[in-house]
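# Examination of the molecular architecture
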Amino acid sequence: MNNKSYNVIDLFCGCGGLSLGFEKVGFNVLLGIDVWEDALVTYRHNHKNSDTLCGDLSTLTPEEVADKINHERVDVIIGGPPCQGFSVAGKRIVEDKRNELYKSFVRMVAHFKPKTFVLENVPNILSLGEGIIRDAIVKDFSDLGYKVVYKVLLTSDFGMPQNRKCV
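Residues numbered from 1 in each chain as written. Predicted model: local features only at pLDDT ≥ 70, side-chain atom pairs only at ≥ 80, totals over all residues. Heavy atoms only, no water.

Pairing between the strands of a sheet is mediated by backbone hydrogen bonds and can be parallel or antiparallel. In spatial order, the strands read β3-β2-β1-β4-β5; together these 5 strands make up an open sheet with parallel pairing. On the outer flanks of this sheet lie β3 (51-54) and β5 (116-119), each paired with one strand and no other. For this sheet the average axis-to-axis angle between neighbouring strands, irrespective of direction, equals 15°. When strand β1 (residues 7-11) meets strand β4 (residues 76-79), the two strands line up parallel, connected through 4 bridges. Bridged to Leu 11 within β4 is Gly 79. (Pairing = 2+ DSSP bridges. Helix = DSSP H or I, 4+ residues; strand = E, 2+ residues; numbered from the N terminus. Axes fitted to C-alpha atoms, helices over the stretch in contact; angles between N-to-C directions.)

See the structure below:
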């Protein structure tokens, strides 16, 4: 099975950098979803064969997403929920409502049951509140039957022109 036969949806897609990487190695990116229409303008420019959906993932239902992709099979879900609540550039408040947006990602994984998923975020997601957020994320996906592996990566090790760490 080659990568072209794997269908991907990109949650919290922004301008589409993560899905562009998947597309460049042959994955079929069906859809990018973000709440920011200006980012989706860039996403559409970079992803000519993908559709977009402007909406708030905390309120969008999996059924609405399935309708948007004509109920095609979803093999991989990728995305980067907002990280302002976890970032050292932010206030790092455990109760920040944005910290709960990963649950929208979990809800989509629970519905579509992809073969795998990639959730990208800032390294501090691992340590905030002595790991309470990390543990909740691992538990939520483990409860769905997924083996969860997390690791801090340095983007420059993967050909990116910046020394940015991500999980």
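What follows continues from the structure just given.
Positive phi, normally seen in glycine, also occurs at Phe 12, with a value near 55°. Take Phe 12: it is sitting in the loop between β1 and α1 (17-24). Residue Phe 12 is classed as buried on the basis of its relative accessible area of 14%. With a phi angle near 50°, Lys 113 is a residue other than glycine that sits in the positive phi range. (Buried < 20%, exposed > 50% of the residue type's maximum accessible area, 1.4 Å probe, protein only.)

Let us look at the confidence of the model for the chain. Confidence in the prediction of the chain, expressed as mean pLDDT, is 88, and 88% of residues score 70 or more. Note on residues 86-90: pLDDT is under 50 here. Beyond four places in sequence and across chains, it has 13 contacts. (pLDDT = per-residue confidence, 0-100. Contact = heavy atoms within 4.5 Å.)

Under the criterion given, the structure shown has 0 disulfides. Considering cysteine sulfurs only, Cys 13 is the nearest to Cys 15, which forms no disulfide, with 8.2 Å between them. (Disulfide = S-S within 2.5 Å.)

Here the focus is the packing of helix α4 (residues 102-112) against helix α5 (residues 132-143). Direction vectors running N to C along α4 and α5 enclose 10°, while the axes themselves pass 10 Å from each other. In terms of orientation, α4 lies roughly parallel with respect to α5. On α5, the residues that touch Tyr 102, Phe 105, Val 106 and Val 109 of α4 are Ala 136, Ile 137, Asp 140 and Phe 141. Of the residues belonging to the contact of α4 with α5, the class tally is 7 nonpolar, no polar and 1 charged. (Parallel < 35°, antiparallel > 145°, perpendicular 65-115°, else oblique. Nonpolar A, V, L, I, M, F, W, Y, C, P; charged D, E, K, R; others polar.)

With 12 residues, α5 extends 16 Å from end C-alpha to end C-alpha; this agrees with the ideal 16 Å at 1.5 Å per step. For α5, every residue scored as buried is listed here: Ile 133, Ile 137 and Phe 141. Down the axis, α5 shows its buried residues gathered within 60° of arc, on one side only. Those residues of α5 that are buried are in contact with α4 and β5. Just downstream of α5 lies Gly 145, where phi reads positive at about 100°. (Expected span 1.5 Å × (residues − 1). Arc of directions from axis to C-beta.)

It is worth spelling out the pairing of strand β2 (residues 28-34) at this point. The buried fraction of β2 amounts to 6 of the 7 residues, a majority that puts the element mostly inside the structure. As judged from the 5 bridges shared by β1 and β2, these two strands associate in the parallel manner. Bridging from a neighbouring strand, Val 8 pairs with Val 29 of β2. In this fold, β1 hands off to α1, which returns the chain to β2; that crossover is right-handed. As defined by bridge partners, β2 adjoins β3 across 4 bridges and the pair is classed as parallel. (Right-handed = clockwise from strand over helix to strand, strands pointing away.)

Counting 31 residues, the largest nonpolar core has Ile 9, Leu 11, Ile 77 and Phe 112 as the members making the most contacts within it. Of all the elements in the fold, those that place two or more residues in this core are β1, β2, α3 (62-68), α4, β5 and α5. Broken down by element, the residue count for this core peaks at 6 residues, all from α4. If we ignore the near neighbours within four places in the chain, the residues touching Leu 11 are Ile 33, Leu 57, Ile 77, Ile 78, Gly 79, Gly 80, Phe 105 and Met 108. One finds Cys 13, Phe 22, Val 29 and Ile 78 within the second-largest nonpolar core, a separate group that totals 9 residues. (Core = buried A, V, L, I, M, F, W, Y, C linked by side-chain atoms within 4.5 Å.)

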